[in-house]
Amino acid sequence: MELTFLAIKPDGVQRGLVGKIIQRFETKGFTLVGLKFMDVSKKLAESHYDIHRERPFFASLVEFITSGPVVAMVWKGDGVVASARKMIGATNPLISEPGTIRGDFGVSIGRNIIHGSDAIETAQREISLWFKDEELVDWQPQI
Ligand code: CMP
């Protein structure tokens, strides 16, 4: 079954949005299989955002994601990668649709509350970067 990696960023944690955000994915019907509340090392932040290394905002991106604890998660479900991206909304919260997480809760592209993998292959890379195999729980909801 398809998996995706999501991380509630330091702004989402500091604004008390963790419960609301997790609830959206639970009520949608996706299955939580990994969850960690953690500080992010500079090394992990730079690896995670490696694709943006040459962008002018790379240093501020790394500084921000390491500035306070994040909630790292793995979610499971059919089509979860694309569906979670839709639920999260466009990168810039100013143009994200209302009803999406960024559209409802954010105004800043640099503080856009949550990260979600953009493709199945990216999700595999990000999950293995953030989680050990034994930190993922293989379970099926019974309802
Ligand atoms: P995220 O989905 O975590 O992936 C890359 C991040 O880079 C993105 O969310 C934004 O937070 C950030 N980002 C993208 N474009 C800009 C920008 N122009 N200025 C600052 N941050 C940006």
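Owing to the predicted nature of the structure, the values given are computational and were not obtained by experimental measurement. (Residues numbered from 1 in each chain as written. Predicted model: local features only at pLDDT ≥ 70, side-chain atom pairs only at ≥ 80, totals over all residues. Heavy atoms only, no water.)

1. What about the site of the ligand?
Part 1 of the reasoning: Taken together, Lys9, Tyr49, His52, Phe57, Leu61, Thr91, Arg102, Ile109, Gly110, Asn112 and His115 form the complete shell of residues around the ligand.
Part 2 of the reasoning: In this structure, tyrosine 49 approaches the ligand through a side-chain N or O atom, which is 2.5 Å from an oxygen atom.
Part 3 of the reasoning: Residues that form the shell around the ligand fall into these classes: four nonpolar, five polar and two charged. (Near = heavy atom within 4 Å. Polar contact = N/O pair within 3.5 Å; in protein donor to acceptor, adjacent residues only side chain to side chain. Nonpolar A, V, L, I, M, F, W, Y, C, P; charged D, E, K, R; others polar.)

2. Comments concerning a nonpolar patch on the surface
Part 1 of the reasoning: A surface patch of nonpolar side chains, amounting to about 350 Å² of accessible area, comprises Leu94, Ile95 and Val107.
Part 2 of the reasoning: You can see leucine 94 is positioned in the loop between α5 (80-88) and α6 (101-105).
Part 3 of the reasoning: Leucine 94 gets classed as exposed once you look at its relative accessible area, which sits at 62%. (Patch = residues over 30% accessible without salt bridge, like charges linked within 9 Å, V, L, I, M, F, W, Y side chains within 5 Å. Areas by Shrake-Rupley, 256 points an atom, 1.4 Å probe, with all protein chains shown as cover. Salt bridge = Lys/Arg side-chain N within 4 Å of Asp/Glu carboxyl O. Helix = DSSP H or I, 4+ residues; strand = E, 2+ residues; numbered from the N terminus. Buried < 20%, exposed > 50% of the residue type's maximum accessible area, 1.4 Å probe, protein only.)

3. Comments concerning the side chain of aspartate 11
Part 1 of the reasoning: As for its placement among the helices and strands, aspartate 11 is situated in helix α1 (residues 10-14).
Part 2 of the reasoning: There is no salt bridge for the buried aspartate 11, and the closest opposite charge comes from arginine 15, which lies 5.3 Å off by N-O distance.
Part 3 of the reasoning: Look past the residues within four positions of aspartate 11 in its chain and what remains in contact with it is Phe64, Arg111, Asn112 and Ile113. (Lys, Arg positive; Asp, Glu negative; His and termini not counted. Contact = heavy atoms within 4.5 Å.)

4. Here's the deal with the pairing of strand β1 (residues 3-8)
Part 1 of the reasoning: Extensive coverage of β1 is indicated by the burial of five of its six residues.
Part 2 of the reasoning: Pairing of β1 with strand β3 (residues 70-76) involves six bridges; the strand directions are antiparallel. The residue of β3 that forms the bridge with alanine 7 is alanine 72.
Part 3 of the reasoning: As paired elements, β1 and strand β4 (residues 114-116) share three bridges and run antiparallel to each other. Bridge pairing links alanine 7 to histidine 115 in β4. (Pairing = 2+ DSSP bridges.)

5. Things to note about the environment of valine 74
Part 1 of the reasoning: Topologically, valine 74 is positioned in strand β3.
Part 2 of the reasoning: Take valine 74: its relative accessible area is 0%, and that puts it in the buried class.
Part 3 of the reasoning: The contacts of valine 74, once residues within four sequence positions are left out, are Leu3, Thr4, Thr31, Leu32, Val33, Gly34, Ile127, Phe131 and Leu136.

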